[in-house]
Amino acid sequence: MSGVQEVKGGEAEVWRAELRGRKVVVKDGAAVEFLAQRGYGIPRGGVLELELVEAAYLASRGMIAVKDEGRRLSFIDLVELGSREDPDFWVKLNVYTDLRNRALVVMPGVTSYELLVDWKRRDSARRFLVRIVKEGVRISFADLEEMHRRALESDRELVLAIVDKEGVVTYYTVEGVAHVTSISWEEDLEQAQPQQEG
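Keep in mind the model is a prediction, meaning the values are calculated, not measured.

What follows deals with the environment of Val26. Looking at the element boundaries, Val26 is found in strand β4 (residues 23-26). Distance in space between the C-alpha atoms of Val26 and Gly46 is 9.2 Å, their sequence separation being 20 residues. Residues contacting Val26, with those up to four places away along its chain left out, are Arg16, Ala17, Ala31, Val32, Leu35, Val47, Leu48 and Leu50.

See below:
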């Protein structure tokens, strides 16, 4: 198969997909091969299982047509379906779309707020664990430390994708998290005073 989606009669083929619970399944062999090679979904038993965020992205690009019990679901239908169970679905889809539009291979991570991203060029490759955070949401140091640990364990760099109220995404690379023992301000003051007097 070539590097582009099959074309029939001058138009790109739209592959059929089916909603099964919270997953979307693609059965067409050519579609499974084409999409899996580009990092979409998980191939299982001759079909490709897509997460809802992947399916919504592919539907928005006109690559798949999703049906649920014979009824075709639009992109808006998929977003509404995702938003019913996850109020931050749109935020996650926004980051997923931004990364895919940058020609990166993006896969859903272990948690719903994580994306696994592979950046490959001719002579180099980098792997990222992207954590989606809405602007204004606090992250504890323990959570940040846990994210960094998980990124290191999966041989990836941690990137925070901060999404503001307008949907603009800003990316920050986390290069390290240092664990500092807590010192009360009284202890800190006692240590600082002798240095100031001398």
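Next, the rest of the story.
Time to look at the sheet that holds strand β13 (residues 169-174). Read from one edge of the open sheet, 5 strands run β9-β10-β11-β12-β13, paired in mixed fashion. Single-partner strands in this sheet number two, and they are β9 (105-108) and β13. Taken over all neighbouring pairs, the strand axes of this sheet differ in orientation by 30 degrees on average, direction set aside. Against the sheet, helix α5 (residues 141-153) contacts β10 (114-121), β11 (124-134), β12 (157-163) and β13, and its axis sits at roughly 130 degrees relative to β12.

Take the sheet that holds strand β8 (residues 71-73) next. Judged by pairing direction, the sheet is mixed, and its 6 strands sit side by side in the order β5-β6-β4-β3-β7-β8 without closing on themselves. One side of each edge strand has no neighbouring strand; the edge strands of this open sheet are β5 (42-44) and β8. Averaged over neighbouring strand pairs, the angle between their axes works out to 35 degrees when direction is ignored. Where strand β7 (residues 64-68) lies against β8, 3 bridges are found, and the strand directions are antiparallel. By the bridge assignment, Asp68 is partnered in β8 with Arg71. The sheet strands contacting helix α2 (residues 52-60) are β3 (15-20), β4, β6 (47-51) and β7, and the helix crosses β6 at an angle near 95 degrees. Along the sheet, helix α3 (residues 75-85) makes contact with β3, β7 and β8, crossing β8 at roughly 80 degrees.

About the thresholds
- Residues numbered from 1 in each chain as written.
- Predicted model: local features only at pLDDT ≥ 70, side-chain atom pairs only at ≥ 80, totals over all residues.
- Heavy atoms only, no water.
- Helix = DSSP H or I, 4+ residues; strand = E, 2+ residues; numbered from the N terminus.
- Contact = heavy atoms within 4.5 Å.
- Pairing = 2+ DSSP bridges.
- Axes fitted to C-alpha atoms, helices over the stretch in contact; angles between N-to-C directions.

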